[in-house]
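Chain by chain, the residues:
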Amino acid sequence: MCIEDTVSAVTVGHECPQRGFRMNKNNLTGINPACHNKRVLLVDRHSFMRSVVARWVNASPGLEVCGMTGEKIRALQAVRELHPDVVVSEILRPRDLGFIRELHRRHPRLPILVFTMQDKTMYATQALDAGAQDYLMKEAGGDVLIRHIRTALRRRKGSLVSKAPGASLSSG
């Protein structure tokens, strides 16, 4: 069962092996119009980190994870199909910046937050240049990440430009 299956058959957190990402039925456009939660797509190679970040997001009022994947190509597909309000992604290698660049090219108004272990200023600068709105170290923790997600969503709401002013290198 994947996105094209009937809505009633989709369960919260259902695996979509053909697509390589998980989805949450309440986050698909048009399924639950009464739901006003902002949708967050998580992209991280490590399933443990995806689970931890998903718990932080889902425990935050007004936010919920609409999907998660460890693969960049799957993430591009998930954005197209799940319509998240924000993407939280890691970068581990310079080539991961290509994903950020491509995601920003395809969805210029979609906030992208990089949440990573890479503490090199070079990565932060390149991620912001590629289209990320913010760059956070994983050591900053859940409270800081949630605060930055909310800030990105507020910026997006009133912004007609592709990159909100004030993107910054943040560790907390």
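This text follows the structure it describes.
As the structure is a prediction and not an experimental result, all values here were calculated from the model.

> Please clarify how the overall build of the protein should be interpreted in this entry.
Along the backbone of the protein there are 5 helices and 8 strands. Per-residue burial for the protein yields a buried fraction of 51% across its 172 residues. Counting contacts in the protein only where the partners sit at least 6 residues apart, residues at least 24 apart contribute 65% of the total. Accessible area for the protein stands at about 8,400 Å²; split by element, carbon and sulfur atoms hold 53% of it.

> Explain the packing of aromatic side chains here, please?
Per the counting criterion, the structure on display carries 1 aromatic pair. Judged by centre distance (6.2 Å) and plane angle (80°), the ring pair of Trp-56 and Phe-115 falls under edge-to-face. Placement of Trp-56 in helix H1 (residues 47-58) and of Phe-115 in strand S6 (residues 112-116) is noted, with a sequence separation of 59 residues between them.

> For this particular structure, what's the right way to read helix H2 (residues 72-82)?
Working note: α-helix, 3.6 residues per turn, so residues spaced by three or four point in the same direction. Burial of H2 is extensive: 8 of the 11 residues sit out of reach of the surface. For H2, the set of buried residues is Lys-72, Ala-75, Leu-76, Gln-77, Ala-78, Val-79, Glu-81 and Leu-82. His-83 lies just past H2 and shows a positive phi near 55°.

> Looking at this model, I keep getting lost on empty space enclosed by the protein. Mind explaining?
Sizing a probe to match a water molecule and rolling it over the atoms shows the empty space that remains. A complete count under the given rule lists 2 cavities of 30 Å³ or more for this structure. Roughly 40 Å³ of volume is contained in the second largest cavity. Together, Leu-42, Val-43, Asp-44, Arg-50, Val-53, Val-88, Ser-89, Glu-90 and Phe-115 line the second largest cavity. Listed by contribution, the elements that provide at least two residues to the lining of the second largest cavity are strand S3 (38-43), H1 and strand S5 (86-89). Here the lining of the second largest cavity is built from residues that sort into 5 nonpolar, 1 polar and 3 charged.

> What am I meant to see in the pattern of salt bridges here?
With the rule as written, the count across this model stands at 9 salt bridges. Residues Arg-74 and Glu-71 are paired through a salt bridge, measuring 3.6 Å at the closest nitrogen-oxygen approach. By relative accessible area, which is 40% here, Glu-71 ends up partly exposed. With a closest N to O distance of 3.8 Å, Arg-80 and Glu-81 form a salt bridge. Residue Arg-80 is classed as partly exposed on the basis of its relative accessible area, which comes to 47%.

> How do you make sense of the pairing of S5 when you look at a structure like this?
Note on strand geometry: in a regular strand, side chains alternate between the two faces of the sheet. Burial along S5 is two-sided: the face carrying Val-86 and Val-88 and the face carrying Val-87 and Ser-89 are both buried. Pairing between S3 and S5: 4 bridges, direction parallel. Directly across from Val-43, in S5, lies its bridge partner Ser-89. In the sheet, S5 pairs with S6 via 3 bridges, with the strands oriented parallel. In the strand pairing of S6, Val-88 is matched with Leu-113. Once the chain exits S5 it traverses helix H3 (residues 96-106) before rejoining the sheet at S6, and the crossover so formed is right-handed.

> I tried to follow the side chain of Thr-116 on my own but got confused; where do I start?
Within the secondary structure layout, Thr-116 lies in strand S6. The residues contacting Thr-116, other than those within four sequence positions of it, are Ile-91, Tyr-135, Leu-136, Met-137 and Lys-138.

> I'm lost on the layout of surface pockets in this one. Help?
Volume-wise, the largest pocket comes out at about 200 Å³. Ranked by the residues each element gives to the lining of the largest pocket, the list is headed by helix H5 (residues 142-158), at 5 residues.

Rules of the game
- Residues numbered from 1 in each chain as written.
- Predicted model: local features only at pLDDT ≥ 70, side-chain atom pairs only at ≥ 80, totals over all residues.
- Heavy atoms only, no water.
- Helix = DSSP H or I, 4+ residues; strand = E, 2+ residues; numbered from the N terminus.
- Buried < 20%, exposed > 50% of the residue type's maximum accessible area, 1.4 Å probe, protein only.
- Contact = heavy atoms within 4.5 Å.
- Areas by Shrake-Rupley, 256 points an atom, 1.4 Å probe, with all protein chains shown as cover.
- Phe/Tyr/Trp six-rings, centres within 6.5 Å; stacked < 30°, edge-to-face > 60°.
- 1 Å grid on protein atoms, 1.4 Å probe; cavity = no way out; pocket = protein on both sides within 12 Å on 5 of 7 lines; lining within 4 Å.
- Points joined across faces, edges and corners; volume = space filled by probe spheres on them.
- Nonpolar A, V, L, I, M, F, W, Y, C, P; charged D, E, K, R; others polar.
- Salt bridge = Lys/Arg side-chain N within 4 Å of Asp/Glu carboxyl O.
- Pairing = 2+ DSSP bridges.
- Right-handed = clockwise from strand over helix to strand, strands pointing away.

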